[in-house]
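Descriptive structure summary
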Amino acid sequence: MVTLYQEARAALRDPAFHAQKRLGQNFLVEQGVIDAIVRLSDLSPTDEVLEIGPGLGFLTRRLVERARRVWAVEIDPFLVDRLRESPLSAHPAFHLIPGDILKIPLADFLPGHKVKLVANLPYSISTPVLFRLFEYRERFSSLILMLQKEVAERIAAAPGTKSYGTLSVWRAIHGQVLAKFPVSPGAFVPRPKVYSTVLKIGLYEEPLVSAAEMPLLHKVVRAAFGQRRKTMTNALAGLLSNERKKAEPLLQQQGIDPRRRGETLDAEEFIRLSRAIKAVSEESI
Ligand code: SAM
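Residues numbered from 1 in each chain as written. Predicted model: local features only at pLDDT ≥ 70, side-chain atom pairs only at ≥ 80, totals over all residues. Heavy atoms only, no water.

1. Structural notes on the overall build of the protein chain
- Helix and strand counts for the protein chain come out as twelve helices and nine strands.
- Taken over the C-alpha atoms alone, the protein chain extends approximately 70 × 40 × 30 Å along its principal axes.
- The 285 residues of the protein chain split such that 52% are buried.
- Counting only contacts in the protein chain whose residues sit at least 6 apart along the sequence, the fraction spanning at least 24 positions is 69%.
- Approximately 13900 Å² of the protein chain is accessible, and the part contributed by carbon and sulfur atoms is 52%. (Helix = DSSP H or I, 4+ residues; strand = E, 2+ residues; numbered from the N terminus. Buried < 20%, exposed > 50% of the residue type's maximum accessible area, 1.4 Å probe, protein only. Contact = heavy atoms within 4.5 Å. Areas by Shrake-Rupley, 256 points an atom, 1.4 Å probe, with all protein chains shown as cover.)

The following block contains the structure:
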């Protein structure tokens, strides 16, 4: 029997194929890791899945066995053709969508109900992809993501820790990390330089703030993490037309010590603060 490792090696030897680092083309060939991702997806025969970057289709083959439908978005025309010519394309659950996950209008083909997202992400675009998925959060029930270890740590981080940042707060607003496990470089062909982590994020039915509140909240969080060692008073001064005087009482009213640094605030505190800033700016208009 041909192993996934041998299959990937053979694909890479094809003179027509040039595996692109830029597209994060490190193919997952360790069956045990693929099985673990499938288990984590917890698929039932009625589930629908969006897979980003099916690549050579190793994970996709397993997903179509269990789900009703798998929408697989692949950017590389060579891999798109290869998938079209593979036995996978005859599977009734498989729907290949050629295109860039950062650009294609997801709403055009995803069903109205929630789907599960599964992706071994190209690491160079994992942050913008994540923000895009949060934008379309009402379309997903859970996100299962293979990420560079450090990015996964940032997503999962708790306040006050080294990895805590904008990505952690944004994740906390949308859902919680339900499971994670490490994956070593040896599980891929070609072998990447970095370690990976698989994360399962369960999305809340509704995010903790409304869509209308997101832009200001994003600004507040960005200001807080803009310069890590800044106190919240200084971080907010910019947002409040440079009026330090306003920042201190506003923080105090929210029960937040003005000398605290942004990296110690949890999502609930950022939300309270953002609502208070909105109220103050509406008063001053
Ligand atoms: N799923 C396969 C696996 O687990 O072996 C391949 C994963 S590989 C890390 C990333 C895949 O995403 C590649 O097939 C790559 O061509 C594709 N890709 C990269 N950027 C993309 C984008 N912007 N939109 C869609 N697919 C992309």
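2. Considering the packing of helix α6 (residues 126-135) against helix α8 (residues 166-174)
- Where α6 contacts α8, the two axes come as close as 11 Å, and the packing angle between them is 25 degrees. In this view, α6 runs roughly parallel relative to α8, as classed from their interaxial angle. Where α6 crosses over α8, the handedness of that crossing is left-handed. Residues T127, L130, F131 and F134 of α6 touch α8, and the partners they reach there are T166, L167, W170, R171 and H174. (Axes fitted to C-alpha atoms, helices over the stretch in contact; angles between N-to-C directions. Parallel < 35°, antiparallel > 145°, perpendicular 65-115°, else oblique. Left-handed = near helix turned anticlockwise from the far one by under 90°.)

3. Concerning the layout of surface pockets
- Considered as a void within the structure, the largest pocket measures approximately 800 Å³ in volume.
- As for the largest pocket, its lining consists of 40 residues, and the residues nearest its centre are L23, G24, Q25, N26 and P122.
- Considered class by class, the residues forming the lining of the largest pocket number 23 nonpolar, ten polar and seven charged. (1 Å grid on protein atoms, 1.4 Å probe; cavity = no way out; pocket = protein on both sides within 12 Å on 5 of 7 lines; lining within 4 Å. Points joined across faces, edges and corners; volume = space filled by probe spheres on them. Nonpolar A, V, L, I, M, F, W, Y, C, P; charged D, E, K, R; others polar.)

4. Digging into unusual backbone geometry
- At the junction of V189 and P190, the peptide bond is cis and its omega measures out at -15 degrees in the coordinates.
- Despite not being glycine, D42 has its phi angle at roughly 50 degrees, a positive value.
- Judged by relative accessible area, D42 falls into the exposed class, the value being 53%.

5. A look at the packing of helix α9 (residues 214-226) against helix α10 (residues 232-239)
- Two elements in contact, α9 and α10, have axes whose closest approach is 8 Å; the angle formed by their N-to-C orientations is 135 degrees. Our classification of the angle between α9 and α10 gives oblique. Taken as a pair, α9 and α10 cross one another with a handedness that is right-handed. Across the interface between the two elements, K219, V220, A223 and A224 of α9 pack against M232, A235, L236 and L239 of α10.
- Partitioning the contact of α9 with α10 into residue classes produces seven nonpolar, no polar and one charged.

6. A word on the domain arrangement of the protein chain
- The domains assigned to the protein chain are domain 1 (4-203) and domain 2 (211-284).
- Across the domain 1/domain 2 interface, buried area totals approximately 1000 Å², and carbon plus sulfur atoms make up 73% of it.
- Taken together, the connections running from domain 1 to domain 2 amount to zero salt bridges. (Domains from an automatic or database assignment. Buried area = accessible area lost by both parts, 1.4 Å probe. Salt bridge = Lys/Arg side-chain N within 4 Å of Asp/Glu carboxyl O.)

7. Describing the packing of aromatic side chains
- Across all of its chains, the model carries five aromatic pairs by this definition.
- With centroids separated by 4.7 Å and ring planes inclined at 10 degrees, the aromatic side chains of F17 and F78 adopt a geometry described as stacked. One end of the pair, F17, is in the loop between α1 (4-13) and β1 (27-28); the other, F78, is in helix α4 (residues 77-85), and 61 residues separate them in sequence.
- Accessibility expressed as a relative area gives 22% for F78, which makes it partly exposed.
- Arranged with centres 5.7 Å apart and planes meeting at 70 degrees, the rings of Y164 and F225 form a pair that is edge-to-face. (Phe/Tyr/Trp six-rings, centres within 6.5 Å; stacked < 30°, edge-to-face > 60°.)

8. Observations regarding the site of the ligand
- In the vicinity of the ligand, 21 residues are found, and the nearest of them are G24, L28, G53, E74 and D100.
- Considering the ligand on its own, with 590 Å² of exposed area, one finds that the protein chains cover 98% of that surface.
- In this structure, the ligand is accommodated by the largest pocket.
- Contributions of two or more residues to the shell around the ligand are made by β1 and β3 (69-74).
- In terms of residue class, the shell around the ligand is built from ten nonpolar, seven polar and four charged. (Near = heavy atom within 4 Å. Sits in = over half its atoms within 2 Å of the grid points.)

9. Examining empty space enclosed by the protein
- A full pass over the atoms with the stated rule returns one cavity of 30 Å³ or more.
- Looking at the largest cavity, the residues that line it are I37, L59, V118, A119, N120, I144, L145, M146 and V198.
- Listed by contribution, the elements that provide at least two residues to the lining of the largest cavity are β5 (115-120) and β6 (140-148).
- Taken together, the residues of the lining of the largest cavity sort by class into eight nonpolar, one polar and no charged.

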